[in-house]
Amino acid sequence: MKYHEVIVVGAGLAGLRAAVETATDLDTAILTQVPPVRSHSGAAQGGVNAPMGNNPAGKDDSVEKHSYDTIKGSDFLADQDSVELMIGEATPCIYEMEHWGCPFSRTPEGKIAQRPFGGAGFPRTCFASDKTGLYMLHTLWERSVALNVKTYEERFVTDIVVENGNVVGVIALNIVTGDFEPYMADTVIFGTGGPGQVYGRSTNALISTGSGAYIAYKRGVPLKDMEFIQFHPTSLFGTNILMTEGARGEGGYLINNLGERFMSKYAPKAMELGPRDIVSRSIQTEINEGRGFEGGYVHLDLRHLGREKILDRLPGIRDIAINFAGVDPIDKPIPIQPGQHYAMGGISTDKNGATNIKGFYAAGECACVSVHGANRLGGNSLLDTVVFGKLSGKHVKEFMKTKKDRRQGEGMIMKTLEEQEKNRENLLIKSGTENHAAIRDEMKQTMIEKVGIFRTGAQMKEALDKILELKKRYESIRVMYKGRKYNMDYLRAYELWGMLELAHVITLGAIKREESRGSHSRTDFPKRDDAKFLRHTMATWTPDGPKIGYSDVNVYKYPPVERKY
Ligand SMILES: Cc1cc2nc3c(=O)[nH]c(=O)nc-3n(C[C@H](O)[C@H](O)[C@H](O)COP(=O)(O)OP(=O)(O)OC[C@H]3O[C@@H](n4cnc5c(N)ncnc54)[C@H](O)[C@@H]3O)c2cc1C
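Residues numbered from 1 in each chain as written. Predicted model: local features only at pLDDT ≥ 70, side-chain atom pairs only at ≥ 80, totals over all residues. Heavy atoms only, no water.

1. Some remarks on the site of the ligand
At step 1: With respect to spatial proximity, 38 residues lie near the ligand, and among them Ser39, His40, Ser41, Glu365 and Leu382 are the closest.
At step 2: Ala11 places a main-chain nitrogen or oxygen 2.9 Å from an oxygen atom of the ligand.
At step 3: For the ligand, whose accessible area on its own is 1,000 Å², the fraction buried by protein is 98%.
At step 4: Among the elements of the structure, helix 1 (13-22), strand 2 (28-32), strand 7 (155-163), strand 14 (334-343) and helix 11 (380-402) are those that each provide at least two residues to the shell around the ligand. (Near = heavy atom within 4 Å. Polar contact = N/O pair within 3.5 Å; in protein donor to acceptor, adjacent residues only side chain to side chain. Areas by Shrake-Rupley, 256 points an atom, 1.4 Å probe, with all protein chains shown as cover. Helix = DSSP H or I, 4+ residues; strand = E, 2+ residues; numbered from the N terminus.)

2. Side note on a negative patch on the surface
At step 1: Together, Asp179, Glu418, Glu419 and Glu421 make up a negatively charged patch on the protein surface.
At step 2: Secondary-structure assignment places Glu418 in helix 12 (residues 410-429). (Patch = residues over 30% accessible without salt bridge, like charges linked within 9 Å, V, L, I, M, F, W, Y side chains within 5 Å. Salt bridge = Lys/Arg side-chain N within 4 Å of Asp/Glu carboxyl O. Lys, Arg positive; Asp, Glu negative; His and termini not counted. Charge placed at Lys NZ, Arg CZ, Asp CG, Glu CD.)

3. Focus: the environment of Ser476
At step 1: With respect to the helices and strands, the residue Ser476 is situated in the loop between helix 14 (457-474) and helix 15 (488-512).
At step 2: The class for Ser476 is partly exposed, based on a relative accessible area of 32%.
At step 3: Counting along the chain gives 49 residues from Ser476 to Leu427, while the straight-line C-alpha distance between them is 9.5 Å.
At step 4: When sequence neighbours within four positions are dropped, the list of residues in contact with Ser476 reads Gly432, Thr433 and Glu434. (Buried < 20%, exposed > 50% of the residue type's maximum accessible area, 1.4 Å probe, protein only. Contact = heavy atoms within 4.5 Å.)

4. Here's the deal with a nonpolar patch on the surface
At step 1: Nonpolar side chains collect at one region of the surface, where Val176, Tyr486 and Met488 lie side by side and expose about 240 Å² of accessible area between them.
At step 2: On the accessibility criterion, Val176 (35% relative accessible area) is partly exposed.

5. Digging into the sheet that holds strand 5 (residues 125-126)
At step 1: Taken in spatial order, the three strands make up an open sheet running 3-5-4, and their pairing is antiparallel. Either end of the sheet is taken by a strand with one partner, and the two such strands are strand 3 (48-49) and strand 4 (114-115).
At step 2: Strand direction decides the pairing type here: strand 3 and strand 5, joined by two bridges, are antiparallel. The partner of Val48 across the bridge, within strand 5, is Cys126. (Pairing = 2+ DSSP bridges.)

6. Observations concerning the environment of Glu442
At step 1: Structurally, Glu442 is set in helix 13 (residues 436-450).
At step 2: Look past the residues within four positions of Glu442 in its chain and what remains in contact with it is Lys466, Glu469, Leu470 and Arg473.
At step 3: For Glu442, the side chain forms a polar contact with the side chain of Arg473, separated by 3.0 Å.

7. Some thoughts on the state of the cysteines
At step 1: What the rule picks out here adds up to zero disulfides.
At step 2: Cys368 carries a free sulfur, and the closest cysteine sulfur to it, the one in Cys366, is 11 Å from it. (Disulfide = S-S within 2.5 Å.)

8. A word on the environment of Tyr565
At step 1: With respect to the helices and strands, the residue Tyr565 is situated in the segment after strand 21 (547-552).
At step 2: Residue classification places Tyr565 among the buried positions, given a relative accessible area of 17%.
At step 3: Separated by 298 residues in sequence, Tyr565 and Ala267 have C-alpha atoms that sit 5.3 Å apart.
At step 4: Residues contacting Tyr565, with those up to four places away along its chain left out, are Lys72, Gly73, Gly119, Ala267, Pro268, Lys269, Ala270, Pro275 and Ile278.

9. Details of helix 1
At step 1: In terms of burial, helix 1 is largely enclosed, as 10 of its 10 residues are buried.
At step 2: All buried positions along helix 1 are accounted for by Leu13, Ala14, Gly15, Leu16, Arg17, Ala18, Ala19, Val20, Glu21 and Thr22.
At step 3: Those residues of helix 1 that are buried lie in contact with strand 1 (2-9), strand 2, helix 3 (80-99), helix 4 (132-146), strand 9 (180-190) and helix 11.

10. As for the side chain of Thr234
At step 1: Tracing the chain through its elements places Thr234 in strand 11 (residues 229-236).
At step 2: A relative accessible area of 0% means that Thr234 is categorised as buried.
At step 3: At 2.6 Å, the side chain of Thr234 forms a polar contact with the backbone oxygen of Met243.
At step 4: Excluding anything up to four places from it in sequence, Thr234 contacts Leu242, Met243, Thr244, Arg248, Leu254, Leu300, Ile336 and Gln337.

Take it as geometry only, folks, not as evidence of what the structure does.
In structure tokens:
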């Protein structure tokens with residue numbers, strides 16, 4: 001059986017940053033479903049925030065101001081101590097990336113350039129053209145190669161193994177051979193990314209199914225604040241490929257079918273650079289009230305920026321618009337609609353990335369520390385991945401200094417592996433009538449229509465009934481391809497169950513939260529209710545569905561006020 005002191009699951013920015021941290025002292029391996037540079041982090045376009053003050057308009061920026069913008073953006077649900085920790089680490093983390101070779105765009109005097117982003121008082125988003133995530137991902141990947149981190153690609157982790165409250169290993173499906181493989185480890189760090197594919201109209205990669213969050217949940221780690229799903233204001237109409245917030249940061253306008261810059265009604269000061277929850281609701285309101293085009297989109301207009309700026313700052317956006325919408329933004333406005341984009345919630349961790357299972361950590365989008373609360377600011381997620389990836393790695397190194405029992409749990413690991421094999425046999429043997437792809441489509445449609453940008457109790461109850469129906473129908477699915485090697489039919493069917501469980505958690509948490517806060521906007525409870533709901537939702541797994549509880553928010557510095565932009 002393979003053994004490593006540290007196993008990192010996921011090779012996006014969070015996983016790679018954690019591995020780069022532990023690999024200096026500990027034998028570290030990465031298990032990843034896709035090759036590292038195919039992780040969703042590579043799709044990040046707009047940039048990463050740090051209060052560096054390199055832009056003349058941002059020279060008065062500070063850790064305190066960035067922290068306050070983040071807390072206000074979160075609609076006061078973020079833990080304020082965690083936010084301050086993340087922002088305090090931001091500038092050193094960006095310099096670290098720079099020194100490792102990340103080719104950030106520059107100011108004329110050679111400093112790291114910073115562009116304005118939504119919900120931010122200052123231009124503080126560092127960027128590398130409009131492919132920031134890709135460059136950061138390649139930088140960390142190279143770093144992990146230099147440090148001899150062992151990487152097992154095309155391994156889909158299906159479970160963690162826990163013995164006496166300690167993590168002792170993981171089970172992975174080798175996608176190529178079809179074998180389940182046992183891995184022993186003294187610590188496990190999840191950097192498995194978000195659950196965007198639970199929703200229709202998502203900007204996320206097809207692999208963003210939340211499988212890591214489901215595994216943690218099933219093994220007894222609570223999921224925190226899962227009802228807070230971010231809708232990005234500008235995804236390409238129809239395909240929902242992201243059009244970065246950087247397009248508005250560079251000065252792009254949002255225009256309705258009357259030719260109005262309608263954001264003047266909703267966020268008169270911030271205009272197009274309001275926070276994402278508010279801009280998405282504004283666009284959806286324009287569409288719902290008949291001021292959209294062909295009933296379904298508005299325009300993102302970049303024409304006034306001029307050819308040179310578009311080619312320099314937004315070349316990727318231009319390529320995508322040309323290739324997927326047949327529109328060159330130099331000459332024509334881009335048709336956009338809001339799309340599911342990010343999960344503020346995730347595996348509940350402390351500030352070190354630690355969970356309630358000893359030796360088991362999580363960082364990045366799969367985790368909830370919490371720093372994004374009810375609404376994340378653009379550019380703060382890439383920051384979250386590198387800061388908490390690093391801090392998790394650091395804590396693992398401390399933890400390992402005192403850990404006495406190593407290489408534990410062989411029997412338990414083999415027993416779990418046998419269970420997984422048996423479960424697969426049971427799934428492959430079934431000759432049911434249900435098509436799992438159809439169930440997935442119905443789930444995605446239900447979530448975007450009924451647990452979407454605007455929510456009501458009645459609609460969400462319909463969604464809940466539908467999810468329960470889909471879970472029931474899942475029992476009669478049939479996997480058509482019975483082979484072992486590269487059986488993507490089986491893998492898709494397998495991961496669908498976890499997605500249904502997450503949909504259940506999101507919907508139930510949303511029904512029980514009878515208020516509007518950040519991205520959770522209920523027309524039947526339009527006000528924020530701090531007396532009852534200035535609390536984190538904590539969902540724990542039971543065989544009968546999620547049990548919803550609550551935990552305190554750290555609000556030690558900034559008392560909640562009404563958000564105005
Ligand atoms: C199109 C797009 C643009 C974005 N732009 C920005 C931006 O400009 N700025 C910003 O701050 N944020 C942005 N975000 C958000 C940000 O990119 C993500 O939240 C962040 O990159 C997530 O990183 P991660 O390391 O947590 O996970 P990911 O990058 O999603 O990586 C997940 C990894 O886990 C692996 N994995 C998952 N499940 C398993 C399993 N069961 N077994 C084995 N491996 C598994 C995958 O193979 C992958 O390597 C954007 C998001 C999208 C979708």
